[in-house]
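# Structure at a glance
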Amino acid sequence: MTTREEHERAAATGDVEAMHDFGQYLERSTPPDVPGALNWYGRAAAGGHRCAMNDLGRLAEAENPPDLRSAREWYERGAIAGDATAMYNMGGLLADRTTPPDPAGARPWYERAAAAQYKDAYFKLAYLLAERLDPPDPAAARNWYEKAAEHGDSIAMYNIGQLYRYTLEPKDLVAARHWYERAAAGGYTNAKFTLGLMAEADGDLPAAILWYEKAAADGHAGAMNNLGTLFEVKVDKPNLPAATDWYERAALAGNPNAKTNLTRLRGSGDATPERPSAERTVLPDSVVRPTGTVRPKPATDASGIATALDALIEDTPYRHNPFRLAGLATDADSRQVRKRVTELEAAEKLGAPLSRSTALAVSPPPDAADVKAALNRLREPVNRLVQELFWLWPCTDGDPALAALSRDDVATAERIWLDRMGQDAIAAHNIAVLRHIQGLETPRGQAAETWLDALTAWGSAVGDDAVWNHLRDRASHIDDRRMDAAAVEELRGALPGMLLRIHASLIVNATAEDDFAAADLHVAVLDRFAEQVSAHPGAFDAGTIDDARGWAIRKLAARLKSIADEAHRAGSQRPAGAAQAVDRMLDRARVPLRVIDRLRPPTDPLGAGAHDDIVGTAIFCDIQHYNEVRDIASSVAMLERLGPIATTTAIRDRLRKEWSAAATLQVDKLCAEARAATETNKKQGLQAARDLLDRTRLPLARIRAGEDPGGERIARAQDHIATTATSCAVSYCNESGDLDSTEQVLRRAQPLPVGAETRTFVQEQITVLTGMLRERDEAARLRDTCWFCQDKPAAPGQHYAFGLHRDVTYSGNTKRWRTLTVEVPRCDRCRQLHLPEETKRKNLGGVAGFGVIAAFFSFFVALALHPVFIVTAICVIVAIGAGIGIASMGGDEIKNRALTYPPLTELLAQGWRKGERPA
């Protein structure tokens, strides 16, 4: 590792690279030497070092206030010299730091940086083109986003999806979904949420649930709220406890819709009340500035101070304070204490009420025995010193504030001490005690500002040497070797942690009563005080505040462990009641888990361990319950409730595996129900198949999420569903003859089979059904299309009637037969074309009949008159026959066309004969 001296020697040689390196060394040292870095960056820049120019611009931009003019000059010099980082920073300065912003001016600098393959410029340039320029250039933006995406930028992938979905023409949802999926695979939470929204809009609830769960696992509050909505109203079987749990998590993450949904679910009476607020009276800038250094928390408890403080916090620091109960000053000596004990004993014997002379009297008033017990604790020196610390001290002889308090004039006492706080640390101590009592014992404790005032005042007191000099003086009056300066220092080091422990204890106690609002108040106090401490360091620090959070979490985790152990025992001893045990556990764990999540993020090991205990126990109990009663519906409802609780990757993986196992059983049950419904009534088979395909979508998605995509479990489940749905639909078809509806169901089932046997079975059914549909469609085509022109639709009532007969029987001189008329479809046009021929045939028939009769009579008349007339009659008959034959040729053509009509051909093949009667 190169030392400072080595850097400096190299830079002194005049090498510009060494000068720049020395500047970086100085900037990154602890503490940073910014003036030295500026000096060497300037010397390197003077020598033409372009990176040094960029660094000078960067430091100028980071000044307080920023020197944007110098930053721009240096960035521009570096960019002109060819430094891609300077080009990029120049673009950023123009786009975001100047007033007004100059996105058009930033564009060429980003383009130059991108052309120099500065990767960060790809995204910035794309965003500028898509969102900042007027008019925007979405096509160019897409190209640069794609360049950023090539380097793994998941936000760029998401933004490409946004362009395809909303901006580019024509819009392309398929392309948008592709880019969202790539962004989601890269871990971008908004992409997961957006995919959930798209799936929900498409009606694909299984995909929506899984995408929302992935986004919720990343902390997306909107996804949590939407999961609540799905489980409340949109899934097949609503699960209100699961919906409530998701709404609570979303509300905790700040989603306003979730808060509204919770109020609606629980009713306005159960809505979380608006927390009252009060005006801050003790501000960090108005108190005594610390005059001493912050003491570390003592590693050991040699004097017993920490033990005494711990007992005091557990017992509440003020309610049993002996000075408060007995009305004694903190500097009361042993004689005054004994005198007060004697007065108490006398009052006790006489049954007289205690004389009230104490400030801030306790309500309800203590009896004599309580006061005597408190005074007896003063005999223990360490306890006495600690009790003195938690009571009021006189700021001056005859302190008017204490006198006002003795008259119950709290407002006057408060005003006096607040006025003196800027100069007197004892006044700050007294305000701290007063605000603490008001927080613990009055309605003012419902406002976070009361507690913040108390902690701020305590911070001023703890950080001021005057307070501890006073306490050392008091310790010296206590005749005990443990009460030395070291003991007071131990007390000073331990006090901040113990004061914050009050809030931790209140959080734990409120949680035990399922009072989330009260617990949340003190979590909010810790959060706000941490923000204050970061801006105004003093006796408290971030580590001490976090220790208080950790203490509360440990207590809550221990309670949750006890709740989980109780459920575990119940599930082991009585498996049939394990589901009820899980419900009780989840209900009891709801508030503690919410409070843990408020105290620290879900990734915190302590909180995550508590979550894991609950989820692991619930899974164990569910397995016990299912093995006993085979109730998969209960398992599914329980697993839905565990979704909001599972926080760690390990427990989510375990939950996915449990979901996969439960979903497999759920598929088996749904298939069995579909088969049973079809066997009961085959006409219900179609609906049973449809319901099965709909209701197994989510279980299949759960199995896929928990198993390898080519795994045995998913293959078996898909084959089972495909076989069952196909069988139910075919049963319905055989019963009803409804080919179209059956085909729709079979087509839905067709993509599911994985096994060769199942694929063959489903495909065979589809093939048979397709053949039947083809035959039906062909018959319909024949029936509905003119057979003669093969073009026009057949017209009702215009068919060509063709008579058939068969089964001729004789009974004596009587002949009987069966007749059938086949209606050959015909359109209006062909009917009109055929009409003259049909009319002519009809007319010729009449003429022929008349001619034959006339010729017959002519023949006999001719025999009587002359042989020549006989020849004439014969010629007439022949002529009439020839004319009829010639005229009937057109009719035979129509008849012959009709004879090719397939239904007619089929009947003739079956033995039917032409004509309505036998010859």
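Look up a bit, the structure's there.
The rules we used
Residues numbered from 1 in each chain as written. Predicted model: local features only at pLDDT ≥ 70, side-chain atom pairs only at ≥ 80, totals over all residues. Heavy atoms only, no water. Helix = DSSP H or I, 4+ residues; strand = E, 2+ residues; numbered from the N terminus. Buried < 20%, exposed > 50% of the residue type's maximum accessible area, 1.4 Å probe, protein only. Contact = heavy atoms within 4.5 Å. Areas by Shrake-Rupley, 256 points an atom, 1.4 Å probe, with all protein chains shown as cover. Salt bridge = Lys/Arg side-chain N within 4 Å of Asp/Glu carboxyl O. Pairing = 2+ DSSP bridges. Axes fitted to C-alpha atoms, helices over the stretch in contact; angles between N-to-C directions. Parallel < 35°, antiparallel > 145°, perpendicular 65-115°, else oblique. Left-handed = near helix turned anticlockwise from the far one by under 90°. Nonpolar A, V, L, I, M, F, W, Y, C, P; charged D, E, K, R; others polar. Core = buried A, V, L, I, M, F, W, Y, C linked by side-chain atoms within 4.5 Å.

## Thoughts on the overall build of the protein chain
- Along the protein chain, the regular secondary structure elements total 41 helices and three strands.
- Every one of the 919 residues in the protein chain was classed for burial, and the buried ones make up 46%.
- Taking the contacts inside the protein chain whose residues are at least 6 apart along the sequence as the reference set, 64% of them involve residues at least 24 apart.
- If you sum the accessible surface of the protein chain, you get close to 45,300 Å²; carbon and sulfur atoms cover 52% of it.

## Side note on the environment of Ala795
- Among the secondary structure elements, Ala795 is positioned in the loop between helix H38 (756-784) and strand S1 (800-811).
- Its relative accessible area of 15% is what places Ala795 among the buried residues.
- Once the C-alpha coordinates of Ala795 and Asp828 are considered, the two residues, 33 residues apart in sequence, prove to be 6.0 Å apart.
- Here Ala795 is in contact with Arg826, Cys827 and Asp828, once residues within four sequence places are set aside.

## Topic: the pattern of salt bridges
- Enumeration over the complete set of coordinates arrives at 49 salt bridges.
- In this structure, the salt-bridge partner of Glu343 is Arg340, at a minimum N-O distance of 2.9 Å. Of this pair, Glu343 and Arg340 both sit in helix H19 (residues 334-350), three residues apart, roughly one helical turn.
- Asp740 is paired through a salt bridge with Arg776; the nearest N and O atoms lie 3.0 Å apart. With Asp740 in helix H37 (residues 739-749) and Arg776 in helix H38, this residue pair connects regions lying 36 residues apart in the sequence.
- We classify Asp740 as partly exposed; its relative accessible area is 37%.

## Structural notes on the pairing of strand S2 (residues 814-824)
- Pairing of S1 with S2, which is carried by ten bridges, proceeds in the antiparallel orientation. Bridge pairing in S2 places Phe802 opposite Val822.
- Hairpin connection from S1 to S2: two residues lie between these consecutive antiparallel strands, with Gly812 at a positive phi of about 65 degrees.

## Details of the packing of helix H33 (residues 649-680) against helix H36 (residues 712-736)
- Two numbers describe how H33 lies on H36: the axes approach to 10 Å, and their chain directions differ by 15 degrees. Considering the angle they form, H33 stands roughly parallel to H36. Note that H33 runs across H36; the crossing there is left-handed. Contact with H33, carried on its side by Lys657, Ser660, Ala661, Thr664, Val667, Asp668, Cys671, Ala674, Arg675 and Thr678, involves Arg713, Arg716, Ala717, His720, Ile721, Thr723, Thr724, Ser727, Cys728 and Ser731 of H36 and no other residues of that element.
- When its residues are assigned to classes, the contact of H33 with H36 shows seven nonpolar, eight polar and five charged.

## Notes on the packing of helix H7 (residues 103-115) against helix H8 (residues 119-132)
- Contact geometry for H7 and H8: axes closest at 9 Å, N-to-C directions at 150 degrees. In terms of orientation, H7 and H8 fall into the roughly antiparallel class. Here H7 and H8 pass one another in a crossing that is left-handed. Together, Pro103, Ala106, Arg107, Tyr110, Glu111, Ala113 and Ala114 of H7 and Ala121, Tyr122, Lys124, Leu125, Leu128, Leu129 and Arg132 of H8 make up the contact between the two elements.
- Its residues assigned to classes, the contact of H7 with H8 comprises ten nonpolar, no polar and four charged.

## Here's the deal with the nonpolar core
- Within the largest apolar cluster, 121 residues are counted, with the highest numbers of intra-cluster contacts made by Phe390, Trp417, Trp458 and Leu642.
- Here this core gets twelve residues from one element, more than from any other, and that element is helix H27 (residues 485-512).
- Those residues in contact with Trp458, other than ones at most four positions away along the chain, are Tyr318, Leu389, Phe390, His429, Ala432, Val433, His436, Leu495, Leu499 and Phe540.
- Core analysis: the second largest hydrophobic core is formed by 48 residues, Leu93, Trp109, Leu129 and Ala149 among them.

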